[in-house]
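Descriptive analysis of the structure
Here are the chains, one letter per residue:
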Amino acid sequence: MSVTVYRKAHFNAAHRLYRKDWSDEKNFEVFGKCSYPNYHGHNYELEVGITGPIDEETGFVIDLGILKKIIYEEVEQPFDHKNLNVDVPEFENMNPTAENIAKVIWDKLSARLDASYVISVKLYETPRNFVVYTG
Ligand code: NI
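Now for a description of the structure that goes with this document.

Cut-offs and rules
- Residues numbered from 1 in each chain as written.
- Predicted model: local features only at pLDDT ≥ 70, side-chain atom pairs only at ≥ 80, totals over all residues.
- Heavy atoms only, no water.
- Donors = N, O, S within 2.8 Å, 3.2 Å for Na, K, Ca; no water.
- Tetrahedral: all angles 85-135°; square planar, octahedral: opposite > 155°, others 65-115°.
- Buried < 20%, exposed > 50% of the residue type's maximum accessible area, 1.4 Å probe, protein only.
- Core = buried A, V, L, I, M, F, W, Y, C linked by side-chain atoms within 4.5 Å.
- Helix = DSSP H or I, 4+ residues; strand = E, 2+ residues; numbered from the N terminus.
- Contact = heavy atoms within 4.5 Å.
- Phe/Tyr/Trp six-rings, centres within 6.5 Å; stacked < 30°, edge-to-face > 60°.
- Lys NZ or Arg CZ within 6 Å of the ring centre and 35° of its normal.
- Polar contact = N/O pair within 3.5 Å; in protein donor to acceptor, adjacent residues only side chain to side chain.
- Pairing = 2+ DSSP bridges.

Overview of the coordination of the nickel ion
Surrounding the nickel ion are the protein donor atoms H15 (NE2), C34 (SG), H40 (NE2) and H42 (NE2), at 2.1 to 2.8 Å. Every donor counted, the four donor atoms about the nickel ion form angles of 89 to 139° at the centre, which fits irregular coordination. Positions of the donor residues of the nickel ion along the chain correspond to the pattern H-x18-C-x5-H-x1-H. The class for H40 is partly exposed, based on a relative accessible area of 22%.

Some remarks on the nonpolar core
Of all hydrophobic cores here, the largest spans 31 residues; its most connected members are I50, F79 and I105. Going through the elements one at a time, β1 (3–15), β2 (40–52), α2 (64–79), α4 (98–112) and β4 (118–124) are the ones with two or more residues in this core. Take this core: its biggest share by element is seven residues, from α4. Beyond its immediate stretch of four places on either side in the chain, I105 contacts F11, L46, V75, F79, V121 and L123.

A word on the packing of aromatic side chains
Counted according to the given criterion, the structure contains seven aromatic pairs. Seen from their ring centres, F28 and Y36 are 6.1 Å apart, and the 5° between their planes marks the pair as stacked. Classification of F28 as partly exposed rests on a relative accessible area of 42%. Members of the aromatic cluster, each reached through a chain of ring pairs, are F11, Y44, F79 and F91. For R16, the ring lying beneath its charged end belongs to Y18, and the centroid distance is 3.8 Å.

Notes on the environment of E74
Relative to the elements of secondary structure, E74 occurs in helix α2. Separated by 35 residues in the primary sequence, E74 and L109 place their C-alpha atoms 6.9 Å from one another. Those residues in contact with E74, other than ones at most four positions away along the chain, are K108, L109 and R112. A distance of 2.7 Å separates a polar atom in the side chain of E74 from a polar atom in the side chain of R112.

Thoughts on the pairing of β4
Along β4, five of the seven residues are buried, which leaves the element largely enclosed by surrounding structure. Pairing of β2 with β4, which is carried by seven bridges, proceeds in the antiparallel orientation. Opposite V48, over in β4, you have V121 as the bridge partner. With four bridges connecting them, β4 and strand β5 (residues 130–133) associate as antiparallel partners. If you follow K122 over to β5, its bridge partner there is V132. The hairpin turn running from β4 into β5, its antiparallel successor, is five residues long.

Description of unusual backbone geometry
At Y39, a position not held by glycine, the phi torsion is positive, near 70°. By secondary structure assignment, the location of Y39 is in the loop between α1 (24–31) and β2.

Points about the sheet that holds β5
The five strands lie next to each other as β3-β1-β2-β4-β5, forming an open sheet whose pairing is mixed. Each of the sheet's edge strands pairs with one partner strand only, and the pair in question is β3 (82–83) and β5. Sheet topology note: the β1/β3 ladder contains two bridges and is parallel. Residue pairing across strands places A14 opposite N83, the latter belonging to β3.

Below is the structure:
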């Protein structure tokens, strides 16, 4: 029997979607307003789900205090109030789309968590647009 526990988090960040090897016109054609050269921001909402068995001694799947700390160190601290293209090394040569941000978050969290957990990362870029990455 397994249970999924969730922790929500939030960060504000700027980004620009574009390819360096494309012209501004081509970037606008593909990425629209998200390609504007001077960046723009989003209020990202994150939901991290951790699935595993309930520990018989503690009654926990995972100590949410530990999960909170890991999300803070791996996501909020490095991403909040940052320019993702400029400040986050993972996006130096990768478009910071919601898809890629969710995958980067999943990779960072999974490196810190026991391999037996099933991890899901749900990332809202706007209240209506969101992605889910499960590895
Ligand atoms: Ni955007």
